[in-house]
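Coordinate inspection notes
Letter by letter, the chains look like this.
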Amino acid sequence: MNDRIRLIPTEERMERGNMIRAPIYDRARDVYARAYSVGMREFYDATNAGLNLAAKFDVWAHEYKGELIVKWQGREYDVARAYKNGEKVELGCTLRSERGNYGLD
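Residues numbered from 1 in each chain as written. Predicted model: local features only at pLDDT ≥ 70, side-chain atom pairs only at ≥ 80, totals over all residues. Heavy atoms only, no water.

Quick notes on the sheet that holds strand 1 (residues 3-8)
Reading around the barrel, the 6 strands line up as 1-4-5-8-7-6 and close back on themselves, with antiparallel pairing between neighbours. The average undirected angle you get between the axes of adjacent strands in this sheet is 45°. Sheet topology note: the strand 1/strand 6 (residues 69-72) ladder contains 3 bridges and is antiparallel. Counterpart to Leu 7 in the pairing with strand 6 is Val 70. (Pairing = 2+ DSSP bridges. Helix = DSSP H or I, 4+ residues; strand = E, 2+ residues; numbered from the N terminus. Axes fitted to C-alpha atoms, helices over the stretch in contact; angles between N-to-C directions.)

Structural notes on the pattern of salt bridges
All chains considered together, the criterion is met by 10 salt bridges. As a salt-bridge pair, Arg 96 and Asp 78 come within 2.2 Å of each other at their nearest N and O atoms. Taken as a pair, Arg 96 in the segment after strand 8 (88-95) and Asp 78 in strand 7 (residues 75-85) lie far apart in primary sequence, 18 residues in all. Both residues of the pair, Arg 96 and Asp 78, count as buried. Each member of the salt-bridge network shares a partner with another, and the members are Glu 11, Arg 13, Glu 15 and Arg 16. (Salt bridge = Lys/Arg side-chain N within 4 Å of Asp/Glu carboxyl O. Buried < 20%, exposed > 50% of the residue type's maximum accessible area, 1.4 Å probe, protein only.)

Quick look at the pairing of strand 4 (residues 29-36)
The pairing of strand 1 with strand 4 spans 5 bridges and is classified as antiparallel. The partner of Leu 7 across the bridge, within strand 4, is Arg 29.

Right, here's the structure in full:
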């Protein structure tokens, strides 16, 4: 794993009468990861499920604490899926919109 990504935790809070999931940038931390593109089959399966997967990252399981935002190469991604596979966790991510994607589903 030779890429560095920033894992950004979030918190739930009320904003203008709505519950939102907001990033906590001052608690972000950098970890080593393996970044790779989404395969064609996985991309189409995700699209059929309403997701637009843009990137995948492998991180060590002991370093992943459930963060829901990843920053890599100047772009922020939402973690759509975290899958533990042995000593690693695979993060399937969607690109965050310019205005942010803080709403709770």
